[in-house]
Amino acid sequence: MKQYKVGYTTGVFDLFHVGHLNILKKAKEQCEYLIVGVSTDDLVTEYKSKKPTIIYEDRKTIVEGIRYVDEVVPQISRNKFTAWEHLLFNVMFVGDDWKGNALFNELEKQFNEVDVDIVYFPYTKGVSSTMVKEKMDRVMK
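First, a word on what this report is: a plain description of the structure on this page. All of these numbers come straight from a predicted model, not from anything done at the bench. Every chain's residues receive numbers from 1 upward, in the order its sequence appears when written. Selection of residues for local features in this predicted model requires a pLDDT of at least 70, selection of side-chain atom pairs for listing and counting requires 80 or more, and totals for whole chains, interfaces and linings are taken over all residues. Heavy atoms from the whole structure form the basis of all side-chain values; hydrogens and water molecules are not counted.

1. Topic: the pattern of salt bridges
Next, step 1: Any carboxyl oxygen of Asp or Glu that lies within 4 Å of a side-chain nitrogen of Lys or Arg is treated as forming a salt bridge with it. Scanning all chains against the criterion turns up four salt bridges.
Next, step 2: With a shortest N-O distance of 3.4 Å, Lys25 and Glu29 are connected by a salt bridge. Of the two residues, Lys25 and Glu29 both sit in helix H1 (residues 18-30), four residues apart, roughly one turn of that helix.
Next, step 3: The buried label goes to any residue with under 20% of its type's maximum accessible area, the exposed label to any with over 50%, and the partly exposed label to all in between, with areas taken from a 1.4 Å probe on protein chains only. According to the relative accessible area criterion, Lys25 is partly exposed, its value standing at 36%.
Next, step 4: One salt bridge connects Lys28 with Asp70, and the closest N-O pair in it is separated by 2.6 Å. Taken together, the residues span a long stretch of sequence, with Lys28 in helix H1 and Asp70 in the loop between helix H3 (56-64) and strand E3 (71-75) at a distance of 42 residues. To qualify as a helix, a DSSP run of H or I must reach at least 4 residues; to qualify as a strand, a run of E must reach at least 2; elements of each kind are numbered from the N terminus.

Here is the structure:
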């Protein structure tokens, strides 16, 4: 039996790479049912001030195709507590690059009050969608 019943993680999942796969695989190893929030195009544009390379519907389809994922939902807000109110997960999985961030420090307090854990996974070094884009730009020149 796995440690958690329902797990949740989120991401843009633009230019899907091994770092994305690692977090989904590790999350599924710890929960029976994994829900993944894929950021909508509007949300990404709002907080990153740039549009994703791959449109939301295609990113959603890619994530749905990953065997570790049980359900994909649109992430329309960065408010993880609001997501919990709708999805009622037991644990949230996130990269350790967020540990100590003010947003997650506050979230840990909120989740603690409703008995939800946050599990931080080691960030996959040497890969990100930004790095993939930079490599593609160099190749295309």
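Here the narrative resumes, following the displayed structure.
2. Quick notes on the sheet that holds strand E5 (residues 117-121)
Next, step 1: A sheet is described by the order of its strands in space; here five strands give the open sequence E3-E2-E1-E4-E5, paired in parallel fashion. Unpaired on one side and paired on the other, E3 and E5 mark the two borders of the sheet. Here the strands of the sheet are splayed against their neighbours by 30° on average, with no regard to which way each runs.
Next, step 2: With two bridges connecting them, strand E1 (residues 4-11) and strand E4 (residues 91-95) associate as parallel partners. By the bridge assignment for E4, Tyr8 is matched with Met92. Here, a strand pair is defined by DSSP locating no fewer than two bridges between the strands. Fitted lines through C-alpha atoms serve as axes, helices being fitted only where they are in contact, and the angles separating the N-to-C directions of these axes extend from 0 to 180 degrees.

3. As for the packing of aromatic side chains
Next, step 1: Here a pair means two rings of Phe, Tyr or Trp (six-membered ring of Trp) with centres within 6.5 Å. Their orientation is stacked below 30 degrees between planes, edge-to-face above 60, and tilted elsewhere. A complete count under the given rule lists nine aromatic pairs for this structure.
Next, step 2: Ring geometry for Phe81 against Trp84: centres 5.2 Å apart, planes inclined by 40°, an arrangement best described as tilted. Taken together, the residues span about one helical turn, with Phe81 and Trp84 both in helix H4 (residues 80-87) at a distance of three residues. The same class applies to Phe81 as to Trp84, namely buried.
Next, step 3: Taken together, Tyr8, Phe81, Trp84, Phe89 and Phe111 form an aromatic cluster joined through their ring pairs.

4. Regarding the nonpolar core
Next, step 1: Of all hydrophobic cores here, the largest spans 19 residues; its most connected members are Leu24, Leu34, Val36, Val38, Val63, Val69 and Phe93.
Next, step 2: Those elements that provide at least two residues to this core are H1, strand E2 (31-39), H3, E4 and E5.
Next, step 3: Sort the elements by how many residues they give to this core and E2 lands first, with four residues.
Next, step 4: Contacts are assigned to residue pairs with any non-hydrogen atoms lying within 4.5 Å of each other. Beyond its immediate chain neighbours, meaning those up to four positions away, Val36 contacts Tyr8, Thr9, Phe13, Leu24, Val63, Val69, Glu71, Val72 and Val73.
Next, step 5: For the purposes of this section, nonpolar cores are sets of buried Ala, Val, Leu, Ile, Met, Phe, Trp, Tyr and Cys residues that join through side-chain atoms within 4.5 Å. The next biggest cluster of nonpolar side chains, apart from the first, holds 16 residues, and it includes Val6, Tyr8, Val94 and Ile118.

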